[in-house]
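Listed below are the residues making up each chain.
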Amino acid sequence: MQMHTCSQIIGFTRELENTSAKFYEALSQKFAKEEDVFLSFVKENKKYSAEVERTYYGVITDAIEGCFAFDINPDEYAFQAELPEKVSYAEALDRAMEIEDKIIKFYSDAAEQSKSLMADVPRAFAMIVKKRGGRVSMLQSLLGKGA
Amino acid sequence: MAILEEPIKEVKTIKNFIGGEWVESKGEIKDVVNPATGKAIARVPISTKEEIEAAIEAAKEAFPDWRRTTPLSRTRRLFRLKELLEENFEEISRIQTQEHGKTIDESRGETRRGIENVEVACGIPTLMQGYFSEDIAAGIDEWVIPTPLGVFGIIGPFNFPFMIPLWSAPYAVATGNCVIVKPSSEDPNSQIRLAELVDEAGFPPGVWNVVNGGRTVVSSLLEHPGIAGIAFVGSTPTAKIIYKGCGETGKRVIAQGGAKNFMAVMPDANVSATIPALMTSFFGNTGQRCLSGAVLVIVGEDDSFYNDFMDKVVAAVSRIIIGYGLDDSVQMGPLRDKEKKERVLGYIESGIQQGAKLRLDGRGKVKIVGDYPQTCFLGPTIFENVTPEMKIGSEEIFGPVMSVMRAKNLDEAIEIANANPFGNGNAIFTSSGKSAREFQYQITSGNVGINIGIVAPMAFFPFSGMKDSFFGTLHTQGREAVRFFTESKVVIQRWL
């Protein structure tokens, strides 16, 4: 089902960040050598979710297109967050990068669709895309280290 | 499909808030009905003359001490109220959806805009400062002191039950006045929740009162000599009565009425950004707002632009998701009640009778997300070939109906809009600065939008209006509200 309203998008954002956080929590337990890195991602996930909500609740108004700003299909951003029991470190990092790609695509699409309509919310999305780029680089470097 | 939890779970009889106490009314009781589900969610009293008089007395009694409370101290209550509103933001928003029917995004938007007025009123220590001239003559100084006037009546409409009383009340109490808020009896619950938070914020008894009811309450406020002024938002016929009544009894008045807003689309408009803005403008709040787009005026004689633009508009409107606003996929809720739906249906019928082309028909069985009665739901409707002589081209419909006209050029579009008796929130969509400037210069409209479909002024700007959309001088919100709620006392001093 397509998502059109701001409230739906904010809810979906929360869902993505929560699922991603759970994934990194599991990763931190499975691969304790990088526990600190993965737990820092969990912290970031919560921060991103809170930032988006704070922005939305701070600027939502009846004067902008809250109910008509988006045309997003959530299925396009679906990812598998559960890891198989015997997953290797490299496979787990590959999965992490797939997840990050999906989430970055979601935020980029949502920012693009709403940039000329909504106030501040697309900017918050774009900021998260930028910050997540750093996470992808970190994952790549971990992959290089582990290989 | 996930439905957000309803905050009102049991049907209670609403009380009045008078002199810091929750008081049961002896008046007739009527049901407050959720327009989406058809279920009663509260019982509201239609208060008696004695009850409104008791509230006026309580406010009069509170006034001398409140006036002497320092602006900083008054502001601290407002800061506390702001915090409480933030803490209860979601609950207040959901109450609005439950009792009015608007979508949750719209309700949250309404809550935010209400809070913004509390925030602006928190600046009262500087906002209500006077000014001073030394030596207007040798040894003589002169200054002006803005002083509060006493007790004000604030009469709210059904369409923005939480926000609109907050266009006035925070400024009134911040400047040292006391208020009696009369919420719409159709959806009073968010004002009741607000009053509970006002009480919790520590406002002294009698400073902020709420009396539920109808005509008796309004007439008593109009006639009572203890009322210094009234801020009203509602229909134009009632706004005229309020304005006249306040004139006769020497009260200050803000009377905001209805509207018929024209949205002019120039051939150089950014189409992809304009269409979502028009969706919100015409169909947001189910068309029940005085800033809703009512007439879409496509400018230019280029048939291909017109046809292409209208095809896109019709396609977008046809996709609007209708249902209960607590389902956050819903883009348009029901009308507030069955009678309002009947009224809109009457206008649709008149459009057909008067020869407009019904391009999209919202009548009949409405496709609703979820299992809800059809009673108050109405689909979006689009008429083309509308003329200013038709009822749908000239009168306020207050529902999800778009009337489309064509104008040869910008001058003609402005002429059509200016010929209408209302002048509330007209807008132009264009990428030309010259057209935009010409439009804002020529249009007789209190609020003017340039590539904005809902011209809702921020809390620090006045909510303006012209012609039959506004009766009064000063407006609600911001500095004008501060002026409205204070009288200028001029002092000229010489020490002999």
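Residues numbered from 1 in each chain as written. Chains lettered and ligands numbered in written order. Predicted model: local features only at pLDDT ≥ 70, side-chain atom pairs only at ≥ 80, totals over all residues.

> Explanation requested: the overall build of chain A in the structure shown.
On a plain count of helices and strands, chain A comes out with four helices and zero strands. Looking at chain A as a whole, 38% of its 147 residues qualify as buried. In chain A, of all internal contacts separated by at least 6 residues, the share reaching a separation of at least 24 is 77%. (Helix = DSSP H or I, 4+ residues; strand = E, 2+ residues; numbered from the N terminus. Buried ≥ 20, exposed ≤ 12 C-beta atoms within 10 Å, placed from the backbone. Contact = placed C-beta atoms within 7 Å.)

> Explain the overall build of chain B to me, please; I cannot follow it from the model alone.
Scanning chain B from N- to C-terminus turns up 16 helices and 25 strands. Scaling as 2.2 N^0.38, a compact globule of 496 residues should have a C-alpha radius of gyration of about 23 Å, and chain B matches this with 23 Å. In terms of overall dimensions, chain B has a C-alpha envelope of 80 × 60 × 40 Å along the principal axes. Relative to its full complement of 496 residues, chain B shows a buried share of 55%. Residue pairs at least 24 apart in sequence account for 72% of intrachain contacts in chain B once pairs closer than 6 positions are excluded. (Rg over C-alpha atoms; globule rule 2.2 N^0.38 Å.)

> Any chance you could explain the sheet that holds strand β22 (residues 447-450) of chain B here in plain terms?
Residue and element names in this part refer to chain B. Strand order in the open sheet made by the seven strands is β16-β18-β19-β14-β13-β21-β22, with mixed pairing throughout. Edge positions in the sheet fall to β16 (357-360) and β22, since each of these pairs with one other strand and no more. Within this sheet the neighbouring strands show an average axis-to-axis angle of 25°, counted without direction. Of the strand pairs in this sheet, strand β21 (residues 425-429) and β22 are connected by four bridges, and their pairing is parallel. If you follow Asn426 over to β22, its bridge partner there is Val448. (Pairing = 2+ DSSP bridges. Axes fitted to C-alpha atoms, helices over the stretch in contact; angles between N-to-C directions.)

> When you look at the domain arrangement of chain B in this model, what are you seeing that I'm missing?
Reports of interface size often rely on the accessible area that becomes lost once the parts have come together. Residues and elements named next belong to chain B. Taken as a whole, chain B is organised into domain 1 (12-257 + 469-494) and domain 2 (261-450). Placing a centre on the C-alpha atoms of domain 1 and another on those of domain 2 gives a separation of 32 Å. Every contact between the two is made by 19 residues of domain 1 and, on the other side, 25 residues of domain 2. For the side of domain 1 that touches domain 2, the elements supplying multiple residues, two or more each, are α3 (89-100) and α4 (104-121). With four residues, the single largest contributor to the side of domain 1 that touches domain 2 is α3. Classifying every residue of the side of domain 1 that touches domain 2 gives five nonpolar, ten polar and four charged. (Domains from an automatic or database assignment. Nonpolar A, V, L, I, M, F, W, Y, C, P; charged D, E, K, R; others polar.)

> How should I be thinking about the interface of chain B and chain A in this particular structure?
The interface of chain B with chain A comprises 23 residues on the first partner and 19 residues on the second. Listing elements by their share of the side of chain B that touches chain A, those giving two or more residues are α4 and α10 (271-283) of chain B. Among the elements that line the side of chain B that touches chain A, the one with the most residues is α4(B), at eight residues.

> Help me understand the sheet that holds strand β5 (residues 40-46) of chain B in this model?
To summarise the sheet geometry, strands pair through backbone hydrogen bonds and adopt either a parallel or an antiparallel arrangement. In spatial order, the strands read β1-β5-β4 (chain B); together these three strands make up an open sheet with mixed pairing. With partners counted over all chains shown, the strands left at the sheet margins are β1 (12-13) and β4 (28-33) of chain B, one partner each.

> How should I be thinking about the pairing of strand β7 (residues 140-148) of chain B in this particular structure?
Residue and element names in this part refer to chain B. Of the strand pairs in this sheet, strand β6 (residues 131-137) and β7 are connected by four bridges, and their pairing is antiparallel. When the bridges of β7 are listed, Phe132 appears paired with Trp143. Hairpin geometry of β6 and β7 is characterised by an intervening segment of two residues between the two adjacent antiparallel strands and by a positive phi of about 75° at Gly139. Here β7 pairs with strand β25 (residues 486-494) via nine bridges, running antiparallel. Of the residues in β25, the one forming a bridge with Asp141 is Gln493.

> Help me understand helix α9 (residues 236-249) of chain B, please; the structure alone is not making it clear to me.
Helical geometry note: an α-helix holds 3.6 residues per turn, so side chains three or four residues apart project in the same direction. Residue and element names in this part refer to chain B. Taking 1.5 Å per residue, 14 residues should reach 20 Å; α9 reaches 20 Å between its end C-alpha atoms and fits that length. Within α9 the residues assigned to the buried category are Thr236, Ala239, Ile242 and Cys246. Each buried residue of α9 sits inside an arc of 115° when the element is viewed along its axis, so together they form one side. Facing away from the buried surface of α9 by more than 90 degrees, the exposed residues are Pro237 and Glu248. As for α9, its buried residues are in contact with α8 (215-223), β11 (227-233), β12 (252-256) and β24 (470-472). Following α9 by one or two positions, Gly250 has its phi on the positive side, about 70°. (Expected span 1.5 Å × (residues − 1). Arc of directions from axis to C-beta.)

> I keep staring at the nonpolar core and nothing clicks. Help me out?
For soluble globular proteins, the rule of thumb is that nonpolar side chains tend to be buried together. Ranked by size, the top nonpolar core spans 103 residues in total, and within it B:Met263, B:Ala264, B:Val265, B:Leu296, B:Val297 and B:Val299 carry the most contacts. For B:Leu296, the contacting residues outside a window of four places in its chain are B:Met263, B:Val265, B:Leu278, B:Met402 and B:Val404. (Core = buried A, V, L, I, M, F, W, Y, C linked by C-beta atoms within 7 Å.)

> Would you explain unusual backbone geometry in this entry?
Most peptide bonds are trans, and most residues other than glycine sit at a negative phi. Phi is positive for A:Asp120, which is not a glycine, with a value near 65°. Looking at where A:Asp120 falls in the secondary structure, it is placed in the loop between α3 (89-114) and α4 (121-146). Even without being a glycine, B:Asn285 presents a positive backbone phi close to 55°. Position of B:Asn285 among the secondary structure elements: in the loop between α10 and β14 (293-299). Assessed through the 27 C-beta atoms surrounding it within 10 Å, B:Asn285 is described here as buried.

> I'm lost on the environment of B:Pro421 in this one. Help?
Residue and element names in this part refer to chain B. By secondary structure assignment, the location of Pro421 is in the loop between α14 (410-419) and β20 (422-423). Judged by the 15 C-beta atoms lying within 10 Å of it, Pro421 is partly exposed. Sequence-wise, Pro421 and Ala259 are 162 residues apart; in three dimensions their C-alpha atoms are separated by 8.5 Å. Each residue touching Pro421, except ones within four places of it in the same chain, is listed here: Lys467 and Asp468.

> So what exactly am I meant to see when it comes to the confidence of the model for chain B here?
Overall, the prediction assigns chain B a mean pLDDT of 97, with 100% of residues at 70 or greater. Scoring the predicted complex yields pTM 0.96 and, for the interface, ipTM 0.91. (pLDDT = per-residue confidence, 0-100.)

> Explain the packing of helix α2 (residues 71-87) of chain B against α4(B) to me, please; I cannot follow it from the model alone.
Geometry of a packed helix pair, given as the angle between the helix axes and the separation of the axes. All names here are of chain B. Contact geometry of α2 with α4 gives a least axis separation of 9 Å together with a crossing angle of 160°. In terms of orientation, α2 and α4 fall into the roughly antiparallel class. Crossing handedness for the pair α2 and α4: left-handed. Residues Leu78, Leu81, Lys82, Leu85 and Glu86 of α2 form the contact with α4, whose participating residues are Ile115, Val118, Glu119 and Ala121. Taken together, the residues of the contact of α2 with α4 break down into six nonpolar, no polar and three charged. (Parallel < 35°, antiparallel > 145°, perpendicular 65-115°, else oblique. Left-handed = near helix turned anticlockwise from the far one by under 90°.)

> What am I meant to see in the environment of B:Val32 here?
Residues and elements named next belong to chain B. In this fold, Val32 is placed in strand β4. C-alpha of Val32 to C-alpha of Ser185: the two residues are 153 residues apart in sequence and 7.6 Å apart in space. With residues near it in sequence (within four places) discarded, Val32 still touches Ala40, Ile41, Ala42, Arg43, Val44, Glu99, Glu186, Asp187, Pro188 and Asn189.

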